[in-house]
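Chain by chain, the residues run as shown.
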Amino acid sequence: MTTPVAKDTPADQEKDRQYVTALARGLQILRCFTHEKPELTPQEIVRMTGLPQPTIWRLCHTLSKEGFIVCAGENNRMALGLPALALGYAALVRQELPKIALPHMQTLTDTRRMGMSLAVRDGLDMLYLQRTHGDFVYMNDPVGARRPFSIAPTGWACFAGYDSQQREDVLEALERHDPAALPAIREQLDKATEQYLQHGFITSIGVIHEHLNAIAVPIRSLRSGTVYALSASGLAAEWPLEKLMTVGPELAALARQLTIAAD
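Residues numbered from 1 in each chain as written. Predicted model: local features only at pLDDT ≥ 70, side-chain atom pairs only at ≥ 80, totals over all residues. Heavy atoms only, no water.

(A) Summary view of the pattern of salt bridges. One pass over the full model with this rule turns up 8 salt bridges. By sharing partners, the salt bridges in this structure join Arg31, Asp122, Asp125 and Arg146 into a single network. (Salt bridge = Lys/Arg side-chain N within 4 Å of Asp/Glu carboxyl O.)

Written out as structure tokens, the structure reads:
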């Protein structure tokens, strides 16, 4: 379940003369491949990007020549090649926060039996950088998986931790993606921000899955200003709102501890 890839607009290109549209479109194609959809047909990529089919064919041909896309079977299905994997690991290896956070996340998972997630926003998705798995057998997404920003507890936590300009940027992107959905999304994001200001964390009750409740906090890097989010989730039957609230201070304290490790 991922958000369609954001499209570059003429207005964006007018603002930045250094912007290389062809490169951006090639990257749009690479973003289409996810944990949930590791193989795609050209027609699926056309629908996800909104780009013309001849453009998709040319870009996919170029990416395949460079090894970033490989043939994956019938109907011209394609998948990411190993060079894309190398880039992903190169990006992940320089991230100190996921490595430092993992033992703390595992301790909370062992004691509370809750799944833990560390994520950062990528476009209109939340990208998982670290995971530990609790007793909930569904939604245990691995590192590299994505969830839509608008419904992910980590997305709400990031929004609550953003400054005013970052919030406006996200809201503008959400409006471009789906204007009709924005009022309801904005109302939920405002509620999450208010809850964070009041309690120091946000809660998500049955939103991302009817049997899943979660709690989340933002982590803002003191060096780069990047906002990450840390969440804990469990079965709704075992973690009703009242019980979930008791984990909030523990999660908030961990977020403060991890702030110095965020780059």
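Here the narrative resumes, following the displayed structure.
(B) Structural context of a nonpolar patch on the surface. Taken together, the side chains of Val20, Leu23 and Leu27 present a nonpolar region at the surface, about 280 Å² in accessible area. Within the secondary structure, Val20 is located in the loop between helix 1 (10-15) and helix 2 (21-32). (Patch = residues over 30% accessible without salt bridge, like charges linked within 9 Å, V, L, I, M, F, W, Y side chains within 5 Å. Areas by Shrake-Rupley, 256 points an atom, 1.4 Å probe, with all protein chains shown as cover. Helix = DSSP H or I, 4+ residues; strand = E, 2+ residues; numbered from the N terminus.)

(C) Examining the nonpolar core more closely. Met116, Leu118, Leu230 and Leu251 are the most contacted members of the largest nonpolar core, which has 25 residues in total. Looking at this core, the elements that each hand over two or more residues are helix 6 (96-112), strand 4 (115-122), strand 5 (125-132), strand 8 (212-220), strand 9 (227-235) and helix 10 (241-259). Ranked by residue count, the leading element in this core is helix 10, at 7 residues. Leu251 has contacts with Leu108, Met116, Ile215, Ala216, Val217, Leu230, Ser231 and Ala232, leaving out every residue within four places of it along the chain. Among the nonpolar cores identified, the runner-up in size contains 24 residues, and Tyr128, Phe149, Trp156 and Tyr162 belong to it. (Core = buried A, V, L, I, M, F, W, Y, C linked by side-chain atoms within 4.5 Å. Buried < 20%, exposed > 50% of the residue type's maximum accessible area, 1.4 Å probe, protein only. Contact = heavy atoms within 4.5 Å.)

(D) Focus on the pairing of strand 7 (residues 202-205). For strand 7 and strand 8, the ladder comprises 4 bridges, and the chain directions are antiparallel. Looking at the pairing, Ile205 lines up with Asn213 of strand 8. Adjacent in sequence and paired antiparallel, strand 7 and strand 8 are bridged by 6 residues, among which Gly206 carries a positive phi angle near 65 degrees. (Pairing = 2+ DSSP bridges.)

(E) The environment of Thr55, seen in detail. If you trace the backbone, Thr55 turns up in helix 4 (residues 53-65). Sequence separation between Thr55 and Arg25 is 30 residues; the distance between their C-alpha atoms is 9.0 Å.

(F) Region of the structure containing the sheet that holds strand 5. Pairing in this open sheet of 6 strands is antiparallel, and the strands run 6-5-4-9-8-7 from one edge to the other. Two strands bound the open sheet, and with one partner strand each, they are strand 6 (146-148) and strand 7. Along the sheet, successive strands turn relative to each other by an average axial angle of 30 degrees, direction set aside. (Axes fitted to C-alpha atoms, helices over the stretch in contact; angles between N-to-C directions.)

(G) Structural view of the pairing of strand 8. For strand 8, the tally of buried residues reaches 8 of 9 residues, placing the bulk of the element in the interior. With 9 bridges connecting them, strand 8 and strand 9 associate as antiparallel partners. Residue pairing across strands places Ile219 opposite Tyr228, the latter belonging to strand 9.

(H) Inspection of the environment of Cys60 at higher detail. Relative to the assigned elements, Cys60 resides in helix 4. Given a relative accessible area of 4%, Cys60 falls into the buried group. Distance in space between the C-alpha atoms of Cys60 and Val70 is 9.3 Å, their sequence separation being 10 residues. Residues contacting Cys60, with those up to four places away along its chain left out, are Ile29, Ile45, Ile69 and Met78.

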